[in-house]
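Here is what each chain is made of, one letter per residue.
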Amino acid sequence: MAKQDQIISGKAFVLGKNIDTDQIIPAEHLVYSLDDPEERKFYGRYSLSGVPDAESGLPQGNIPLVEEDKFESEFNIIVGGPNFGCGSSREHAPASLDIAGVQAIIAPTFARIFYRNSVDGGFVVPYESLEDLSKEVHTGDELEIHPEERVVKNITQDKEYEIRPLGSVADIVNAGGIFEFARKEGMIPCQ
Amino acid sequence: MGMTLTEKILANHSGASSVEPGESVWVDVDVLMTHDVCGPPSIGIFQNQFGEDARVWDKEKLVIIPDHYIFTKDKYANRNVDILRAFAADQDLPYFYDVGSEDYKGVCHIALPEEGFTRPGEVLFGTDSHTCTAGAFGQFATGIGNTDAAFIMGTGQLWVKVPETMRFEFEGTSMPPYLMAKDIILKIIGDIGVDGATYRTMEFGGPGISAMSMEDRMTLTNMVIEAGGKNGVVEPDAKTEAYVRERTDKDFDPVYSDPDATYHSKYRYNLEDMVPMVAKPHSPDNKATALELEGTDLDRAYIGSCTGGKLSDFEAAAEIIAGNDLKIDTYIVPATTEIARGLETHTLNGKPLMQIFREAGCKIGQASCAACLGGPSDTFGRLNNQEVCISTTNRNYPGRMGSKESQVYLASPYTVAASAVTGKITDPRVFIQQTVI
Ligand code: SF4
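Cut-offs and rules
- Residues numbered from 1 in each chain as written.
- Chains lettered and ligands numbered in written order.
- Predicted model: local features only at pLDDT ≥ 70, side-chain atom pairs only at ≥ 80, totals over all residues.
- Heavy atoms only, no water.
- UniProt positions renumbered as here; feature names shortened; annotations may be inferred.
- pLDDT = per-residue confidence, 0-100.
- Helix = DSSP H or I, 4+ residues; strand = E, 2+ residues; numbered from the N terminus.
- Contact = heavy atoms within 4.5 Å.
- Buried area = accessible area lost by both parts, 1.4 Å probe.
- Salt bridge = Lys/Arg side-chain N within 4 Å of Asp/Glu carboxyl O.
- Polar contact = N/O pair within 3.5 Å; in protein donor to acceptor, adjacent residues only side chain to side chain.
- Nonpolar A, V, L, I, M, F, W, Y, C, P; charged D, E, K, R; others polar.
- Domains from an automatic or database assignment.
- Phe/Tyr/Trp six-rings, centres within 6.5 Å; stacked < 30°, edge-to-face > 60°.
- Lys NZ or Arg CZ within 6 Å of the ring centre and 35° of its normal.

- As annotated in an unreviewed UniProt entry, chain B is 3-isopropylmalate/(R)-2-methylmalate dehydratase large subunit from Fodinibius sediminis.
- Here chain B is described in UniProt, under the heading Cofactor (unreviewed entry), as follows: "[4Fe-4S] cluster".

- Under the annotation held in an unreviewed UniProt entry, chain A carries the name 3-isopropylmalate dehydratase and is attributed to Fodinibius sediminis.
- One UniProt comment on chain A, placed under Pathway (unreviewed entry), says "Amino-acid biosynthesis; L-leucine biosynthesis; L-leucine from 3-methyl-2-oxobutanoate: step 2/4."
- Its UniProt record, at the heading Function (unreviewed entry), says of chain A: "Catalyzes the isomerization between 2-isopropylmalate and 3-isopropylmalate, via the formation of 2-isopropylmaleate."

1. Describing the confidence of the model for chain B
Phase 1 of the analysis: Confidence in the prediction for chain B averages 96 pLDDT; 99% of positions are at 70 or higher.
Phase 2 of the analysis: Interface predicted TM-score (ipTM) for the complex: 0.91; the corresponding pTM is 0.96.

2. Some thoughts on the UniProt feature "domain: Aconitase A/isopropylmalate dehydratase small subunit swivel" (unreviewed entry) in chain A
Phase 1 of the analysis: Look at the UniProt record and you will see "domain: Aconitase A/isopropylmalate dehydratase small subunit swivel" (unreviewed entry) annotated at residues 70-123 of chain A.
Phase 2 of the analysis: For residues 70-123 of chain A, helix accounts for 31% and strand for 13%, while the C-alpha atoms at its two ends are 20 Å apart.

3. Here's the deal with the interface of chain B and chain A
Phase 1 of the analysis: Counting residues at the interface gives 49 residues for chain B and 50 residues for chain A.
Phase 2 of the analysis: Carbon and sulfur atoms make up 55% of the surface buried where chain B meets chain A, a total of about 3,800 Å² over both sides.
Phase 3 of the analysis: Viewed at the interface, chain A and chain B are joined by five salt bridges.
Phase 4 of the analysis: There are 23 residue pairs in polar contact (both at pLDDT 80 or more) connecting chain B and chain A.
Phase 5 of the analysis: Elements supplying a minimum of two residues to the side of chain B that touches chain A: strand S1 (24-28), helix H2 (39-50), helix H3 (75-91), strand S5 (140-143), helix H5 (146-155) and strand S6 (157-161) of chain B.
Phase 6 of the analysis: Its residues placed into classes, the side of chain B that touches chain A shows 22 nonpolar, 16 polar and eleven charged.

4. A few points about the side chain of His35(B)
Residue and element names in this part refer to chain B.
Phase 1 of the analysis: Turning to its location among the elements, His 35 is positioned in the loop between strand S2 (31-34) and H2.
Phase 2 of the analysis: One polar contact links the side chain of His 35 to the main-chain amide nitrogen of Val 37, over a distance of 3.2 Å.
Phase 3 of the analysis: Here Asp 128 takes part through its side chain, which lies 2.8 Å from a polar atom of the side chain of His 35.

5. Re the domain arrangement of chain B
Residues and elements named next belong to chain B.
Phase 1 of the analysis: Per the domain assignment, the segments of chain B are domain 1 (5-250 + 262-269) and domain 2 (280-432).
Phase 2 of the analysis: Its C-alpha centre places domain 1 at a distance of 24 Å from the equivalent point of domain 2.
Phase 3 of the analysis: Between domain 1 and domain 2, the contact holds 38 residues from the first and 39 residues from the second.
Phase 4 of the analysis: Around 3,200 Å² of area is buried between domain 1 and domain 2 when both sides are counted, 59% of it from carbon and sulfur atoms.
Phase 5 of the analysis: Three residues stand out in domain 1 for area buried against domain 2, namely Phe 71, Met 180 and Lys 182, and they jointly supply 18% of the buried area on that side.

6. Let's talk about the packing of aromatic side chains
Phase 1 of the analysis: Inspection of every chain in the model, using the stated rule, returns 24 aromatic pairs over all chains.
Phase 2 of the analysis: Centroid distance Tyr95(B) to Phe117(B): 5.0 Å. Interplanar angle 80°. Geometry classified as edge-to-face. Residue Tyr95(B) is found in the loop between H3 and helix H4 (108-114), and its partner Phe117(B) is found in the loop between H4 and strand S4 (123-126); the two are separated by 22 residues along the sequence.
Phase 3 of the analysis: Each member of the aromatic cluster is reached from another via a ring pair, and the members are Tyr32(A), Phe42(A), Tyr43(A), Tyr46(A), Phe71(A) and Tyr76(B).
Phase 4 of the analysis: One Lys or Arg, Arg429(B), reaches over the ring of Tyr178(B) and ends 5.4 Å from the middle of that ring.

Right, dumping it as structure tokens:
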């Protein structure tokens, strides 16, 4: 996972509101092992495959995050509407985005368990935007997230948007996850 | 300053005399529950982080309940149960409810109370978002991911941000005969939205709640996650105590909200004013009354899951189904094996509930999550095409019960049963009035 102060740049993939974990990784795919390097790739392959076609890759739609025969995406920043990641507690959801090559998600609000899993598991950095950018940004736009300045720059449209500071989870994001954090703090022994 | 029930439990478990919303605290965990979908990856992380030979922090406190993908030929799904089995044997875990054994239970959130793990005043984490169900017993219970579960397996602790509490107060001294807890929670979710309680506690109280059975209270707390809530709670009372005491010898220490506790917000409802509700596709907050949707064509009815697959849910459905022909395929899936046995022993007008369902032509599945979350393609009751289904489950996001072409309406067991009889969405009041003498 990217560090809190690291600039993340790349192509945006835009989704609407209430993207739930069944859309992020449909339940039928939860059977693959996350530990097996070959099986694990399927989480990348099927990441966001539950999103109805017309709502995948807005505003145009009908754009899959990961193409048919691929395991990784050309898009590395997700821009979503409110309540991103609602639904089940499956950590396979942020993991699948990570495996597909996504580094950060920008949404006005996140569902709690998804947010926590993203941070504690060290998968993707969830940035809260002040406004709903899913109506502003187009899939394929070049974005740059500047956490220290708390802005997202849209290079394609030459615009800037504000994001909120990470607050109390910043230490866990910086450490790279809850285990790394707990080791740094001396809560659990180093490996 | 006073504290809410949730704040008190978090204070008691973090060694603090008091806590305030927004604070992050490390709490000691009383019970960690996991299942066949999230157990194997949690175990994988636990072993990676703490070593292949690491032991769990307290084997008496780890409960493993396979329930999601049980009766399937999917090789990966079956392999996952094998991983749980090997881990339970290796760690010598006393609370593993193995598939195919006499101990097999079914849906974890119903199995936990049946087996005495939902004790008032305690902290329960589970690798499943509906872990919040256990809040019906005055426990702090919430869903977490695999990494957090692995962390608890090794340390017995987890960080929690203390949530603000929203209070939902219910007036009325009994449930109107046509109303079910499912109608109430669908109404609340419809009112506040699928993110209306995000990061917060939903606390249910007042005379209307005291009048409810434990199973009804569980239906309320089960669905707080559908409003984004972190946990849901009902203050324990004599009914809670009686239920829990019957199922465990362990001591527990109930806590209650202080009269001067601070709430984020307060809502008031009167049971007498409420009517049968439905959540339309594709969101649990897409509310309508059953009456408004009357006549909507359906292909299938589904009665099951941790929300609507309890004994009282089947009793309600049987009241309406008894003696009627069904117009659409109707699936019955008891949440647990204990409930499945109850369907054989509980009767309505002298007939076992199971016989009523069989005679009406229902398809009857084995205790598990089954089609509530779609699952592998051979899952019992799964929506594989463009079916329109009315269901007692808790989620109707696109593709939740299988195909993303399908449509799911969520409703109470009464409404689902009434709709199964007519083949269209039907307000159950017309049937209830017939059966109430
Ligand atoms: S019955 Fe449905 S909601 Fe309940 S635990 Fe199983 S899959 Fe989840």
